[in-house]
Amino acid sequence: MAKPTILREKVYIPSASEYDAARRKYLAFMGAKLSEKARNDGAGESDDYIAGYFFLRSPFLGSTDRVYCGHDDAARDWYYASASNAGLRVAFNLIYNPECDLVRGCRMETRKALVWNPENGKDETVESTAPIVKFGKYDCIWLNKEECESAYTKGETAVMQLWTLDLVAKAEPFAENDDHNDYAKAKKLRAQCESLFTEEELAEMVEVEMSSEDGYEKATPILEIQNAAVNKHNTEEESE
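Keep in mind the model is a prediction, meaning the values are calculated, not measured.

1. Points about the overall build of the protein chain
- Across its full length, the protein chain carries seven helices and 13 strands.
- Taking 18 Å as the expected radius of gyration for a compact globule of 240 residues, we find that the protein chain reaches 18 Å, a close match to that expectation.
- The principal-axis extent of the C-alpha atoms belonging to the protein chain is close to 60 × 45 × 35 Å.
- Going through the 240 residues of the protein chain one by one, you find that 49% of them count as buried.
- Counting only contacts in the protein chain whose residues sit at least 6 apart along the sequence, the fraction spanning at least 24 positions is 66%.
- Total accessible area on the protein chain is roughly 12,400 Å²; 46% of this is exposed by carbon and sulfur atoms.

Right, dumping it as structure tokens:
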């Protein structure tokens with residue numbers, strides 16, 4: 001029996017289950033707006049929903065050439081892996097520190113959006129409020145603010161789950177020739193995710209581990225690596 005493929009990533013695209021969880025909390029934010037760069041690069045944009053679509057890293061069940069996507073109407077659907085006008089929405093994680101500038105600068109944003117309701121087959125306008133923080137040059141949705149605050153009060157290490165608020169670029173195709181829907185093989189797309197951030201920004205992120213056993217569905221933070229990096233940084237500062 002072949003060993004599972006293990007990926008370790010700092011920046012990545014969301015999975016189907018991560019999208020579903022975010023959708024339940026922040027529905028009006030799921031139809032992602034395009035940044036100026038994404039629009040200039042040629043990412044697709046809906047005139048009706050004023051939003052674009054973006055790849056998720058989960059393969060569409062029963063196929064070899066399609067992947068799940070977050071669509072402009074805030075529904076989770078699929079697209080061919082070779083799609084060349086998808087937007088790029090990325091996820092990453094940071095250690096929660098209530099005293100840092102990023103957390104202190106958190107703001108609550110309320111948004112109204114037209115979304116598709118699959119239960120009645122109609123469009124409807126919804127309203128959601130989400131915590132927004134700025135990391136580097138990107139505004140991001142802080143998906144688990146309450147969980148971080150609760151964990152911190154218990155003395156536990158909390159990891160902030162962040163998504164870019166907008167589509168930050170046009171995404172590289174998941175598979176240029178529709179010859180796979182395996183996230184591990186989407187090397188150009190994965191490299192593009194990491195290229196959005198500086199080395200200093202990447203150093204602050206918590207690396208996650210994913211496995212082919214569940215189709216890379218779950219991203220598990222590897223805290224011992226981050227803690228070692230923080231300790232090394234603190235030691236270097238003390239010796240200066």
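2. As for the side chain of Ser-15
- Turning to its location among the elements, Ser-15 is positioned in the loop between β1 (6-9) and α1 (16-25).
- Within polar-contact distance, the side chain of Ser-15 engages the side chain of Ser-17 at 3.4 Å.
- For Ser-15, the side chain forms a polar contact with the main-chain oxygen of Glu-217, separated by 2.9 Å.
- Non-local contacts of Ser-15, meaning those with residues more than four positions away in its chain, are made with Leu-56, Arg-57, Ser-58, Tyr-216 and Glu-217.

3. Considering the environment of Ala-28
- Mapped onto the elements, Ala-28 comes out in the loop between α1 and α2 (36-41).
- Ala-28 has contacts with Arg-111, Ala-113, Val-126, Glu-127 and Ser-128, leaving out every residue within four places of it along the chain.

4. Some remarks on the layout of surface pockets
- Each pocket or cavity is described by its volume, and for the second largest pocket that value is around 380 Å³.
- Forming the boundary of the second largest pocket are 18 residues, of which Glu-18, Asn-93, Leu-143, Gln-161 and Ala-219 lie nearest the centre.
- Looking at the lining of the second largest pocket, the elements that each hand over two or more residues are α1, β6 (91-95) and β10 (159-164).
- Looking at the lining of the second largest pocket residue by residue, the classes come out as eleven nonpolar, three polar and four charged.

5. Some details on the confidence of the model for the protein chain
- Here the protein chain averages 93 in pLDDT, while 92% of its residues score no lower than 70.
- This stretch, residues 228-240, has a pLDDT under 50; its non-local contacts, to residues over four places away or in other chains, come to zero contacts.

6. Examining the nonpolar core
- Counting 73 residues, the largest nonpolar core has Phe-55, Leu-88, Phe-174 and Phe-197 as its most contacted members.
- The dominant element in this core, judged by the number of residues it contributes, is strand β8 (residues 122-135), at five residues.

7. Digging into the pattern of salt bridges
- All chains considered together, the criterion is met by 17 salt bridges.
- Across the pair Arg-104 and Glu-99 runs a salt bridge whose closest N-O atoms are separated by 2.4 Å.
- Arg-104 gets classed as exposed once you look at its relative accessible area, which sits at 56%.

Cut-off values and rules
Residues numbered from 1 in each chain as written. Predicted model: local features only at pLDDT ≥ 70, side-chain atom pairs only at ≥ 80, totals over all residues. Heavy atoms only, no water. Helix = DSSP H or I, 4+ residues; strand = E, 2+ residues; numbered from the N terminus. Rg over C-alpha atoms; globule rule 2.2 N^0.38 Å. Buried < 20%, exposed > 50% of the residue type's maximum accessible area, 1.4 Å probe, protein only. Contact = heavy atoms within 4.5 Å. Areas by Shrake-Rupley, 256 points an atom, 1.4 Å probe, with all protein chains shown as cover. Polar contact = N/O pair within 3.5 Å; in protein donor to acceptor, adjacent residues only side chain to side chain. 1 Å grid on protein atoms, 1.4 Å probe; cavity = no way out; pocket = protein on both sides within 12 Å on 5 of 7 lines; lining within 4 Å. Points joined across faces, edges and corners; volume = space filled by probe spheres on them. Nonpolar A, V, L, I, M, F, W, Y, C, P; charged D, E, K, R; others polar. pLDDT = per-residue confidence, 0-100. Core = buried A, V, L, I, M, F, W, Y, C linked by side-chain atoms within 4.5 Å. Salt bridge = Lys/Arg side-chain N within 4 Å of Asp/Glu carboxyl O.

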